[in-house]
Structures are given as structure tokens and as C-alpha cells.
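Observations on chain architecture
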Amino acid sequence: MKKLGRLTEYVITVLIILSINFFLPRMMPGDPFLFLSGDQGEQISAYSDEQIRQYKACYGLDQPIFRSYLSYLADLFRGRLGQSLYFNESVGHIVLRRLPWTVFLVCGAILFSTVLGTALGSLSAFYRNRLLDNVLYGFMMFFSEIPAFLIGLFFLFVFAASLGLFPLSGALTSFSPDRSVVQVLKDIIHHAVLPVAALSLTRLGGMYLLVRNIMISIIPKAYMRTARAKGLSRYRIFIRHGLRNALLPLTTRIFMSLGTLVGGAVLVENVFAYPGLGLMISQAVMVHDYPLIQGIFLVITLLVLSANLMSEVLYRVLDPRVKDGEG
Amino acid sequence: MLELNDLSIVYPENHGPLTAVDHVSLRLERGGRLGIIGESGCGKSSLALSLMGLNRKARTHGTIVYQGVQLNGQSDKAFKAVRWKKIAMVFQNGSEVLNPVLNVFEQLDEVLKTHRRFSTKQRRELVLTWLERVGLDRNWAFEFPHRLSGGMRQRALLAMALCCEPELLILDEPTSSLDARSRSELMGLIDSIQADQGYSLILISHQLSVIEAMTTDLLTLYAGQMMEYGPTHTLLHHPMHPYTRGLINASPDYQIYKELWGMPGGNHETPASNGCPFAPRCVQKGPRCKNSRPQVQIITDGRSLACNKGGIEILLKGEHLHKSFALKKGTVQALCDVNVELKSGEILAVLGKTGSGKSTLAHVLSGLYPSDQGRLTFWEPGLDSLSATRKRDGLQIVFQDPYSSTSHRMTVLDTVKEPLDILGWGTSESRRDAALSALAQVELPNKPEFLEKHGHALSGGQRQRLSLARALTMKPRILIADEITSMLDPSSRANLLRTLMGLQNAQGFSMIFITHDLFLARKVADRVMVMDRGRCIEQGSSVRVFQNPFHPRTRELVDTMLGNVKNEPMLGMKQNVYNLLKPREAETFFQVNHNKEQRRTP
Ligand SMILES: Nc1ncnc2c1ncn2[C@@H]1O[C@H](COP(=O)(O)OP(=O)(O)OP(=O)(O)O)[C@@H](O)[C@H]1O
Ligand code: SF4
Ligand SMILES: [Mg+2]
């Protein structure tokens, strides 16, 4: 019963997002076609009447709004996000090409910030109020206040520009077909180090705090005392009893924080000229490519939403008590 | 094997340190079985946890020595060496004692994995065998703890503690969520495995019957301090500390007949740090108790006690009391070599057929009749019965017949404060206040109309309460109640008794409760004394006397009055006596009555 309820909630949310995505451009002042090639202020239409009619037909603007809404939905379900005006290519294709880089960046950042945050957070919790904890805590608080792009710029200057350890931009050195897979992978990682590090660092503070709090609440639990009483190794107590219990709140929180992470990724991609969706967005904004902007936003929101859904599913899988609670 | 020297455990709380265990010293030999009892929060679990070094936040003072090695020290190392390998524990049940996200099997398996060298398959078999041994079906092994009932969790915890064959097993309320049958099953199991493995045992329980069955030595803790220590059986049947007695009196498996009364006051009304912690609730506290902390002293072999007054005081002691009355022809021996003892806070029921000398005893004890022979001593050296009745905090007697003990012509108020008036105690204001509060205590109205009433205008029940109030104004240390309920209807009787018992429990006075009603005695008494023809034929704890009377005549009395009535509950008590007495006994019954009539005449 309850599960169904949650699912409907998600479906409704998706519908709302789709609708906003549909209606938003229509509510903007002026005619989108005037903006297609016009800079701010000067509303010069670069299109002939014929072209405009064609576009209007394409976007269903010549039809009653309800019908065009339906055809928009139908298009979406067929995976058609529309046509980019600037690149003159289907938005779906562009998104698909760019998406993997962003996902790669975000996943790498999640991985690093989680591993490092968990390690440091647990350490802090176990040595609570001692020197190590105090130092770590102060350090993390300091870092979590710095915005992602600042860290990115700093990295760029120090490690790429000054020291020349890493490439300045891009995700791959230009195509050379004769490289082996290992070489390509190496190249990809080499490019990804700085953006991932910058993105991870912005997440690290939050993760650290989260883990520290969770662990602090877990350590005094009776089962932790039982585990200590049983003479288990430190490692076992920490991993099997502590972390295993921390996993629950941790995973859900990680998934829930995906939204901010994607936001961070947009900034970082721009700093490092990393060819993901984030970079694409700023390009699209620069050239007023509305269909493209819409398409990217839609994809990102849907991704974040499905991450949320996944966190709930995971919670059920991880916590044996939840299953029974629903009866 | 295990030795605690001056062990204290202090939790650093925000509002100041909390001493959960306070200077406890004890020894436990190999194979020994120690029980620990005490009210909730007295530090039993803290003590148990400290033996394994599991009080994370707490500071420990003193030493814990196990097999010659001090466990508590700078590091955790010594504790680590014994945890579960040598000392295992069944934790006090709680929902999160077992890890919620690991199934039962995993949680048992990991101790074997850590401490024993077995193959995975062997471990699996062993875990399942142990679970079955403690009465948990194999099928439950792979369930998460939240699916198990409280009793099942306790079984799983027990299996977990036993599977590594510890040398010392600590059980913290291992049976609290089990029904009676599972409880005795499990205890039997712990017992038989002990015979097998020979582990020592520390058992914490609120169930005294479990404690008595399972342990040989017993420690009572109050506010973290050791109050009494000694062999379990002796301690439970002859407690010397008022606190131990209070625990027993509040325990349904010991007070099977008497109404249950908990110790008044509670949850550690911040005991004075330098006095006896129990003083605020102690029925016999003296001026010293507030400021001097009693030291644990060895009383007899293997028994020690912490009380400034050397344990429960004896308030009254009559030795070899004789009393005879001259008749027109010959004499009647109303008391013949009677020994009687009354402890502080105790209710002694004096039982016996009519004319067996109960009232004479009461009169002798309160100095109304001098005894012919024998010695009567009170709590203070040099105090005699007459002076004891003429002081506050002394001895008061309430009689059977309220019509004769309270005057017809005096008003209620005058009757109640008369004893104080005679003493000239305080101002007339304070006497009046004392009288009013005594009236309130016995649940009589203290409206002016009632206070001005004369004795003859009161009902029997009211008069009985009035005579009680009169005695209570003197704040007696001993109250002798001679058949005070015999003239009342069952309902008023029940009410009066409840009032009286409540007052006794709250104020802690000792009471001699004289009655021929065995049912009442059973509900009221801690100890029972049975009189027959002027002699005391039996004395003992109420439970013992009613369950297992030694003297044939006591047995007869108990059987006739209690045993058979069970089958015919509709019959009134008196009728039963008539129905059930054999003809010859009926004769003596009347004879005795007759004698009593005669005795009254002179
Ligand atoms: N971890 C802790 N931190 C602070 N105070 C504690 C802690 N554990 C126990 N206490 C306090 O120590 C005192 C003794 O507690 P303990 O658990 O030992 O009582 P107990 O005798 O086992 O009671 P019960 O019969 O209810 O189990 C109590 O006042 C309790 O509040
Ligand atoms: S008599 Fe004093 S020392 Fe003994 S238990 Fe009572 S208050 Fe404590
Ligand atoms: Mg406890």
C-alpha cells in the first residue's frame, strides 16, 4: 500500500516537472523566436515567416495549447527531446553524448568523498573531543565553506598551470586512433583527477560531518557494547557493527545529496572545461538555445529524482526492520 | 578467582558525577555463584559491565583482579584478553542489545570465528546446536533480532554467552522476559551446563526465587553501596539489613501471603554523601545515620553488613515470661515461659485459639499486668514497659473493645489528644494539630462537628479508628493491636486494615498484631507466633509457619482453619470452626471460653 503511495508521488512529481518544462518557455515574455538570434534588447528576427511557421509546427505552437501539451508528452515518451537550434542536432543526441562525462565526474566525486569522508568521520567519532577530532573538525569546517569553483580554480592554477601535473582542460586528449584501451583509460583518468578532486573536496566536509554524527550516535548503542564485550577485533566492530548500521542513513543521504552534487559538477565542468552536461548548459545559455537548455534540465532533474527513488528502495533493502514495519 | 577491591564506578554526568558503584569489595571463587539484588538503578548492571571493562564513559577506581591479573588499568588490553574467552555476559534485555542489521546466526558465529578455531561448517553446526540447546528453534537462527520475541532474544543471548565456554558467566536479568516455565527450564539449563563446564556465575535478578535457586552467595546493593553480603539462603530468610528485608517484603515470590508493600520513598533521594545512603528510607534510622557512613563489617563467618545499628534492631525482647491468675479454685497459667522478640519495622502476628493467652501477653508487654517471672527489655537500656507506654516514640496498645477503651463522655478531639495532654507535650496548639493529623491518618473526618461528637455517638468502626488515632498521636515505635478488627463487619475490617498497613509501611513502626483469624494474619504478618494454653508453641516467618508448620497443634490449626476452608469458601469462618472441630476439641473450645470468662471476673 505505502509503497504504491510513494510511487504515485514520484509519478506526480515527474509530471509536474514535465509540465513546468513545457509551460515555462511559453510563459516567458516575448516570442522565443525573436530571441533565437537576437542579443538582449534588439529583437531582430533572423527567420523568415516561412521558417517561423515551420518551427511553430515543429513545436506544436500553431495548435491549441492542450493538444500541443499532449504531443509534447508523446514525444518525450518516444525519447524525443526536440531539436537544438544552435547545433542543429537532436537534443537527445547531444545529451547522450555529454551525459557520461558528467556521470563519471559525479560518481568519481561520490566515491572519493564517501570513502574519505567515512574514514575521517569515523576516526573523528571514535576520538571524539580529542585532538585528532578537533583538528579534523576545524579543517573540514573550513573546506566545506569554500565554493566548488574556487577550489577548482585553485587546483587549476596550482596543479595544472604552475606545476603542469595535469591537463588544463578537456576530458580526453584529441583523438588518436592508434592508442590502446589502457592508454585511453589512463588519459581519461589523468584528465579527471582535478575536476573529481575539486568536486570531492566540496562534498567532503558534508560527508565527514554526516558520518561523524551518525557514528557518534551509533557508538553508545547497546549492540556496539555487545560487540566490544564479545572481544571482536577493532576492525570487525567498526566495519560489521558500526558501519553496517551507519550504511542505512549514509546511503540515503548520499543519494539525496545528488542534486547539490550535480550543481557542483556544473560549476566544476566550466572551470575545467570538462565536456559534460554542465559545460553544455553554459554554452546553450550563451547562445540562447532554449530547446537544448530545456532538454538538459529535464534530464538532470529526472536523474536526481530517480536517485532519490533509488535511495528509498535501497533503504528498504538495507534495513530489515522496514520490510516488516509495512506488514 | 575474581576479586574486587574498593571498586567505584563514576559516570561523569553533566550535572555532576554520578557514583553508580561505591566502594564495593568482594571475592568470587572458581565455581562460585554470586547473586546481586537491589532496586532498579542501584548499580547492578554498572557493576557487571565494569567487570568486562564495558563502561565507556565511566571512571573506575579501585581494582578488578581476575586470576591474579588486574584488569582495569591504563589500557584495554587486559580486558580484551578475557572478553568472551573467559568472561561472557548475558546482557540485560533491551531491543538493541543484538545488532539489528545482523541475523542471529551471524552474531553467534562471529564470536566462534574470533575465539575458536573451527571450520565454517563446524561453526555453523555448533551455533545451531547451541541455539537448540537453549530452546530456540534452528529456523530462528537466520532471522533478524527484531523478529524475535523478548524471551527468544534472551535465549539467543544466552547461547551467545555459552558457546565459547566461559569461565565466568555474568547474567544480567536473564529471565526477565520469560514466563515461569521457560524461566525454570532455562535456569535448569544454566545449572546443568555449569555442572558440565564448571563456570562461575554472577546473577543479577529481581526474582528472588531465581536468586535463591541459582546462587550460593548474595550481595545487596543500594545506591551503589554494598549493604549486606552473605550466603544466599541465610540472607533471604534472615535478612539483617532493613533494606534487604524491604526487598524481600516487596517480592511476590517471598511474600506469597502478605500484602505487597514496596519500600516507601525511592529512587535514591540523593543520599547524604557522608551518611548511610539508605537513611532517608530506613525505619530505624538514628541520629548517627545521617552523618556517619556505615562501614561494611563482618558479622559472622561469611556474612557482612553495613549498618550503624548492626542491622535490624530488636525493639522488644521478652524472655521466659510467666503470668498466672488466681482463680477461686486454683490458678490458671495464662503465660508460661514465653519468649518473644520484636524487630524494628516488623509485624508479628500472635495467633492462637481463644483463651490461649494472646491478650495476656499483650497486657504484659505493655506493662498493664506485671509479669510473674521473666525479663522484658526494650530498645533502650533501662526502659521498662510502663515508661515505654508513657512516651512519644514508645509503645502503644490498641484494644479489642473500642467501647471500653474510649470514653463515652469525652469528645473525639479530647479522646485523641488525651495521651498528649497527660504527657503535657508541647503547646495545646501543637497537641491539637497532632490530634488532627492522627485523625486524618486513620481517615476520620476532622470537621468541627465531628471533633465535638461524643464517644457514644460513634459507630464501632469509627470508635476503632478513634482508638487507633489516639495511639498514633504518640508516634509509637511499637504498636500492639489486640484483635482490633474482631468487632467490625468485613468491609470496615478490610478498610481499617488497609489503613493500618499503609501507615505501618509509611512510618515503619513495628506491630504486634493479635488475632485468631488466620486469614488476616496471613495477609498482614511478617512473622508469626502461635500460642496454645499459655505457651508459645511455634514462631517463625509467616510463610514458613503457614506452609510448613512444625508443631502438630499449629498444623491442626492451620489445616482446620485454612486448609479446609479452601474447599468450602462460602462458609463463614466461625461456622467452619464448629463444623470441623472434632467433638472433643469443641469441648475444649468451650472450656477455654469458659475459662476466659472466669478469668475476667477477678
Ligand atoms: N552509561 C551511563 N551513563 C551515565 N549514567 C549511567 C549509565 N549507566 C547507568 N547509569 C546510572 O548509574 C546508575 C546505576 O545504573 P545501573 O544500570 O547499573 O542500574 P541497575 O541496578 O542495573 O538497574 P536495573 O535493575 O534497572 O537494571 C543509575 O543511576 C543510572 O542512571
Ligand atoms: S539503621 Fe542507620 S545505618 Fe542502618 S540501615 Fe538504617 S539508616 Fe542505615
Ligand atoms: Mg540493570
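Our subject is the structure that appears above.
Residues numbered from 1 in each chain as written. Chains lettered and ligands numbered in written order. Predicted model: local features only at pLDDT ≥ 70, side-chain atom pairs only at ≥ 80, totals over all residues. Heavy atoms only, no water.

Moving on: the overall build of chain A. Scanning chain A from N- to C-terminus turns up 14 helices and zero strands. Each helix and strand of chain A, ordered N terminal to C terminal, gives the series α-α-α-α-α-α-α-α-α-α-α-α-α-α. Taking all 327 residues of chain A together, the buried fraction comes to 41%. If you sum the accessible surface of chain A, you get close to 17,900 Å²; carbon and sulfur atoms cover 69% of it. (Helix = DSSP H or I, 4+ residues; strand = E, 2+ residues; numbered from the N terminus. Buried < 20%, exposed > 50% of the residue type's maximum accessible area, 1.4 Å probe, protein only. Areas by Shrake-Rupley, 256 points an atom, 1.4 Å probe, with all protein chains shown as cover.)

Here the focus is the coordination of the magnesium ion (ligand 3). All names here are of chain B. In the first shell of the magnesium ion (ligand 3), the protein supplies Ser45 (OG) and Gln92 (OE1), at 1.8 to 2.2 Å from the metal. Placement of the pair is Ser45 in helix 1 (residues 44–51) and Gln92 in the loop between strand 6 (87–90) and helix 3 (104–115), with a sequence separation of 47 residues. Relative accessible area serves as the criterion here: at 22%, Ser45 is assigned to the partly exposed category. By relative accessible area, Gln92 is classed as partly exposed at 34%. (Donors = N, O, S within 2.8 Å, 3.2 Å for Na, K, Ca; no water.)

All names here are of chain B. Surveying the vicinity of ligand 1 reveals 15 residues, the closest of which are Ser40, Lys44, Ser45, Ser46 and Gln92. At 2.6 Å, a side-chain N or O of Ser45 approaches an oxygen atom of ligand 1. The protein chains hide 69% of the 630 Å² of surface that ligand 1 would expose on its own. Within the residue set of the shell around ligand 1, elements represented by two or more residues are strand 1 (2–13), strand 2 (16–28) and helix 1. (Near = heavy atom within 4 Å. Polar contact = N/O pair within 3.5 Å; in protein donor to acceptor, adjacent residues only side chain to side chain.)

Right, let's talk about the interface of chain B and chain A for a bit. Across the contact, 27 residues belong to chain B and 22 residues belong to chain A. Both faces combined, the contact of chain B with chain A buries some 2,400 Å², and carbon together with sulfur accounts for 54% of it. A per-residue breakdown of the area chain B buries against chain A is headed by Glu96, Val101 and Glu110 of chain B, which together make up 25% of the total. Linking chain B to chain A there are five salt bridges. Across the pair Lys230 of chain A and Glu110 of chain B runs a salt bridge whose closest N-O atoms are separated by 2.9 Å. Here chain B and chain A share ten residue pairs in polar contact (both at pLDDT 80 or more) between them. The greatest single-element share of the side of chain B that touches chain A, amounting to seven residues, is contributed by helix 3 of chain B. Class assignment for the residues of the side of chain B that touches chain A results in 13 nonpolar, six polar and eight charged. (Contact = heavy atoms within 4.5 Å. Buried area = accessible area lost by both parts, 1.4 Å probe. Salt bridge = Lys/Arg side-chain N within 4 Å of Asp/Glu carboxyl O. Nonpolar A, V, L, I, M, F, W, Y, C, P; charged D, E, K, R; others polar.)

Lining the immediate surroundings of ligand 2 are His241, Pro242, Cys276, Ala279, Cys282, Gln284, Lys285, Cys289, Cys307, Asn308 and Lys309 of chain B. Grouping the constituent residues of the shell around ligand 2 by class yields six nonpolar, three polar and two charged.

So, about the pattern of salt bridges. In the structure shown here, the tally under the stated rule is 34 salt bridges over all chains. For the salt bridge of Glu89 of chain A with Arg97 of chain A, the shortest nitrogen-to-oxygen distance reads 2.9 Å. With relative accessibility at 24%, the residue Glu89 of chain A sits in the partly exposed group. In the salt-bridge network here, residues are joined through shared partners; they are Lys230, Arg236 and Arg240 of chain A together with Glu106 and Glu110 of chain B.

Residues and elements named next belong to chain B. Across the sheet, three strands lie side by side as 14-13-16; this open sheet has antiparallel pairing. Taken across any chain shown, the strands that pair with only one partner, and hence form the sheet edges, are strand 14 (331–343) and strand 16 (373–378). Strand-to-strand twist of the sheet, defined as the mean angle between neighbouring strand axes without regard to direction, takes the value 15°. (Pairing = 2+ DSSP bridges. Axes fitted to C-alpha atoms, helices over the stretch in contact; angles between N-to-C directions.)

Here we take up the pairing of strand 19 (residues 510–514) of chain B. Residues and elements named next belong to chain B. Of all five residues in strand 19, five are buried, a share of seventy percent or more. Here strand 19 shows a buried face lined by Ser510, Ile512 and Ile514 and a second buried face lined by Met511 and Phe513. Inspection of the sheet shows strand 15 (residues 347–352) paired to strand 19 by four bridges, in the parallel sense. Considered in strand 19, the bridge of Ala349 is made with Phe513. In terms of strand pairing, strand 18 (residues 478–482) meets strand 19 through five bridges, oriented parallel.

A separate point is the packing of aromatic side chains. Per the stated rule, a full pass over the model turns up ten aromatic pairs over all chains. Arranged with centres 5.1 Å apart and planes meeting at 80°, the rings of Tyr222 of chain B and Phe278 of chain B form a pair that is edge-to-face. Separated by 56 residues along the polypeptide, Tyr222 of chain B in strand 9 (residues 217–222) and Phe278 of chain B in the loop between helix 9 (242–249) and strand 11 (297–300) bring together distant segments of the chain. The buried category is assigned to Phe278 of chain B, whose relative accessible area is 2%. Ring pairing ties together the aromatic residues Phe154, Phe155 and Phe159 of chain A, which thus form one cluster. When the ring centre of Trp425 of chain B is taken as reference, the NZ or CZ atom of Arg392 of chain B above it lies at 4.1 Å. (Phe/Tyr/Trp six-rings, centres within 6.5 Å; stacked < 30°, edge-to-face > 60°. Lys NZ or Arg CZ within 6 Å of the ring centre and 35° of its normal.)

Among the eight residues in helix 10 (residues 358–365) of chain B, seven count as buried, and that is most of the element. Three or more residues of helix 10 of chain B are buried, namely Lys358, Thr360, Leu361, Ala362, His363, Val364 and Leu365 of chain B.

All names here are of chain B. If you trace the four strands from one edge of the open sheet to the other, you get 2-1-4-5, paired in antiparallel fashion. The open sheet terminates on both sides in strands that have one partner only, identified here as strand 2 and strand 5 (69–70). Looking at chain direction, strand 1 and strand 4 (residues 59–66) are connected through seven bridges and run antiparallel. Bridging across to strand 4, Ser8 finds its partner in His61. Here helix 1 sits on the sheet and contacts strand 1, strand 2 and strand 4; the angle it forms with strand 1, its principal contact strand, is near 115°.

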